[in-house]
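# Structure assessment
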Amino acid sequence: MNTPAKFLTAAIYAGAAASILSTVAQILLWGLFWDALPTILYRDARFAAAIILGQEVLPPPATLDWQVMLIATGVHLVLSIIYAIALSWLIRPLALKASLIAGGLFGVGLFIVNMYGFVHIFPWFVETRDWITVAAHIVFGFSAAAVYKLLAR
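A brief look at the structure comes next. (Residues numbered from 1 in each chain as written. Predicted model: local features only at pLDDT ≥ 70, side-chain atom pairs only at ≥ 80, totals over all residues. Heavy atoms only, no water.)

As a further point, take the overall build of the chain. Looking only at helices and strands, one finds five helices and zero strands in the chain. The order of helices and strands in the chain, counted from the N terminus, is α-α-α-α-α. Since a compact globule built from 153 residues should have a radius of gyration of about 15 Å, the 16 Å found for the chain is in line with a globular shape. The buried share of the chain, reckoned over its 153 residues, is 42%. If you take every contact in the chain between residues at least 6 apart in sequence, the share linking residues at least 24 apart comes to 66%. Carbon and sulfur atoms make up 73% of the accessible area of the chain, which amounts to about 8,500 Å² in all. Here the chain carries 8 positive and 6 negative side-chain charges, and the mean point of each set is 24 Å from the other. (Helix = DSSP H or I, 4+ residues; strand = E, 2+ residues; numbered from the N terminus. Rg over C-alpha atoms; globule rule 2.2 N^0.38 Å. Buried < 20%, exposed > 50% of the residue type's maximum accessible area, 1.4 Å probe, protein only. Contact = heavy atoms within 4.5 Å. Areas by Shrake-Rupley, 256 points an atom, 1.4 Å probe, with all protein chains shown as cover. Lys, Arg positive; Asp, Glu negative; His and termini not counted. Charge placed at Lys NZ, Arg CZ, Asp CG, Glu CD.)

Right under this line is the structure:
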């Protein structure tokens, strides 16, 4: 990946793909292990949308609200792209196997930053500290690394 434009393009696509794949993984895990769908999806969407819309969108009931879903999706996508750009920069010189391991570890670090750091600004995210959220962050890091390496060839 010689040029900054090519690097950025691959990193952006990696972030978008990882955003989708981690969300799908999280929804699948919720469906397999918890009897909480779709309520938990709507709750987490409200949490993400509240970053932009404010705490007014947080109170129950956690029902489908298309404006909330659209804004939450946008927040998740933008943050995923930013995080994937950072990860891609870190793994540029690494081989594929090392990149995938680094991606998984990046996901764990991202979970810690998001769920233990940013909760000082957005305290409602405390409710999302669970093993499924950890797994989704690992899937994010792993898939972002994989897509970046695939596109960077």
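After presenting the structure, the write-up continues.
Once that is clear, we can look at the nonpolar core. One finds L87, F106, F140, A144 and Y148 to be the most contacted residues of the largest nonpolar core, which totals 18 residues. For this core, the secondary structure elements donating two or more residues are α1 (4–33), α3 (66–91), α4 (96–117) and α5 (131–152). Sorting elements by how many residues they give to this core places α5 first, with six residues. Counting 16 residues, the second-largest nonpolar core is a separate cluster that includes A48, M69, F122 and F125. (Core = buried A, V, L, I, M, F, W, Y, C linked by side-chain atoms within 4.5 Å.)

Here we take up unusual backbone geometry. Cis peptide bonds are those with omega within 30 degrees of zero, and the linkage from L37 to P38 qualifies with 0 degrees. By the secondary structure assignment, P38 is in the loop between α1 and α2 (39–53). Looking along the chain, the bond that leaves P60 and enters P61 is cis, with omega of 5 degrees. Secondary-structure assignment places P61 in the loop between α2 and α3.

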